[in-house]
Amino acid sequence: MTHFEMNTQYILDIQISDHAAYFCCRSLLYNGRSNMQAWGLIVLLISKAAGQLNVEEMEEDKAAGVLHSQRALAEVTEMIRTSHLVHKAMVNICSGMYPEAATLNDMAFGNKIALLSGDYLLANSCVELASLRNQELVELISGAVRDLAEGEFVGRRDQQNNPLPSPQGVCDAAQDWTHRNVLSAGSLLGRACQGTLKLAGHGRELQEQGYNFGKHLALAWQACVDLEPFIPGSQYVSGSLFNLTSAPVLFHLQHDPSLFNEIDKGLDSIQNVDYEKVHSIVSKGPGISLTKQLQKDHSQKAMEVLQVFQENDARTALCNIIVAMGDY
């Protein structure tokens, strides 16, 4: 049994609350990495930055400066994000991949755990969302879940559904990258920020601003993550796997399509790609500087949205997050 299977089995064996199960699952997924995308925290900060209009006093958590419903939405956002990552851990077991029965049984068991754990978190997020009794909010977040699913079918994929760049997509690398990451991240954070402003009684115009902020922040964050393997002094180990649809790779392919000769070796499995070679080629090309500019553009757009809110501690905290990404 793998380390992941033993840990998830332990979670199932002990009786703990829904929230405790979520936090255990999240800690297993991220393993203490500092670049964890804390969507819930962003939702709470934008909630506090905007304030509330015409809400009942009993609805407000005065200590936190947000509504109880906004706190619930932040938890729902985190649970949906985590359930999506758990579901992505499933392995496509092809015929003959695991000739030994014991190994095949272990992998099948791991798939069952990933499926059930992800469904459990997603079901709880749906129950929590329904308890807020806001149909428009349900439609918003449902759209984000749809986008997460759609994002898993964009472009070429290997046999394990790992994404690969498409020759058609790199004609406009920025557009292809944006489309992929709005579906896989920007939509959820954007709609959650939009929804939390709806709960606070703000008008449609400000709600749209909330969506734009969440979308651009998620894209800036993703660009920052994409840069990590190519930044001197990072924790990247030479030859290890990285995202082949990251912004630096896509920008380089737009500049030099000959790199597809190496990347196309991953059509069956991305592990067949020589990552050390790809890393070396991309590091010497224009993809790094273009990705830094991409990150800067989305950061500036997110910062511009924040100016519509009155100055307060929450707005300052969000500004600091954006500035910190620029210093990465």
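Scroll up for the structure.
Being a predicted model, the structure only gives us computed values, none of them experimental. (Residues numbered from 1 in each chain as written. Predicted model: local features only at pLDDT ≥ 70, side-chain atom pairs only at ≥ 80, totals over all residues. Heavy atoms only, no water.)

Trainee: How would you sum up the environment of Ser-289? Please name residues and give values.
Mentor: Looking at where Ser-289 falls in the secondary structure, it is placed in helix 12 (residues 287–306). Overall, the relative accessible area of 48% leaves Ser-289 in the partly exposed class. (Helix = DSSP H or I, 4+ residues; strand = E, 2+ residues; numbered from the N terminus. Buried < 20%, exposed > 50% of the residue type's maximum accessible area, 1.4 Å probe, protein only.)

Trainee: Could you give an account of helix 4 (residues 68–88), naming the residues involved and the relevant values?
Mentor: Over its 21 residues, helix 4 runs 31 Å from end to end, which matches the ideal 30 Å to within 8%, given 1.5 Å per residue. Most of helix 4 is tucked away, with 15 of its 21 residues classed as buried. (Expected span 1.5 Å × (residues − 1).)

Trainee: Which residues make up the packing of helix 3 (residues 39–50) against helix 13 (residues 313–326), and what values do they have?
Mentor: Here helix 3 crosses helix 13 at 135°, and the two axes come no closer than 8 Å. If you check the angle between helix 3 and helix 13, you find them oblique. Residue-level contacts link Ile-42, Leu-45, Ile-46, Lys-48 and Ala-49 of helix 3 to Ala-314, Arg-315, Ala-317, Leu-318 and Ile-321 of helix 13. Residue composition of the contact of helix 3 with helix 13, by class: 8 nonpolar, no polar and 2 charged. (Axes fitted to C-alpha atoms, helices over the stretch in contact; angles between N-to-C directions. Parallel < 35°, antiparallel > 145°, perpendicular 65-115°, else oblique. Contact = heavy atoms within 4.5 Å. Nonpolar A, V, L, I, M, F, W, Y, C, P; charged D, E, K, R; others polar.)

Trainee: Describe the packing of aromatic side chains, naming the residues involved and giving the relevant values.
Mentor: This structure, assessed with the given rule, holds 4 aromatic pairs. Between Trp-39 and Trp-221, the ring centres sit 5.7 Å apart and the planes meet at 80°, which makes this aromatic pair edge-to-face. Within this pair, whereas Trp-39 is found in helix 3, its partner Trp-221 is found in helix 8 (residues 204–227), the two being separated by 182 residues in sequence. Given the relative accessible area of 0%, Trp-39 is considered buried. When the centroid spacing of 5.8 Å and the interplanar angle of 70° are considered together, the rings of Tyr-236 and Phe-242 count as edge-to-face. Both residues of the pair, Tyr-236 and Phe-242, count as buried. Ring-pair connections join several aromatic residues into one group, and the members of that group are Phe-230, Tyr-236, Phe-242 and Tyr-275. (Phe/Tyr/Trp six-rings, centres within 6.5 Å; stacked < 30°, edge-to-face > 60°.)

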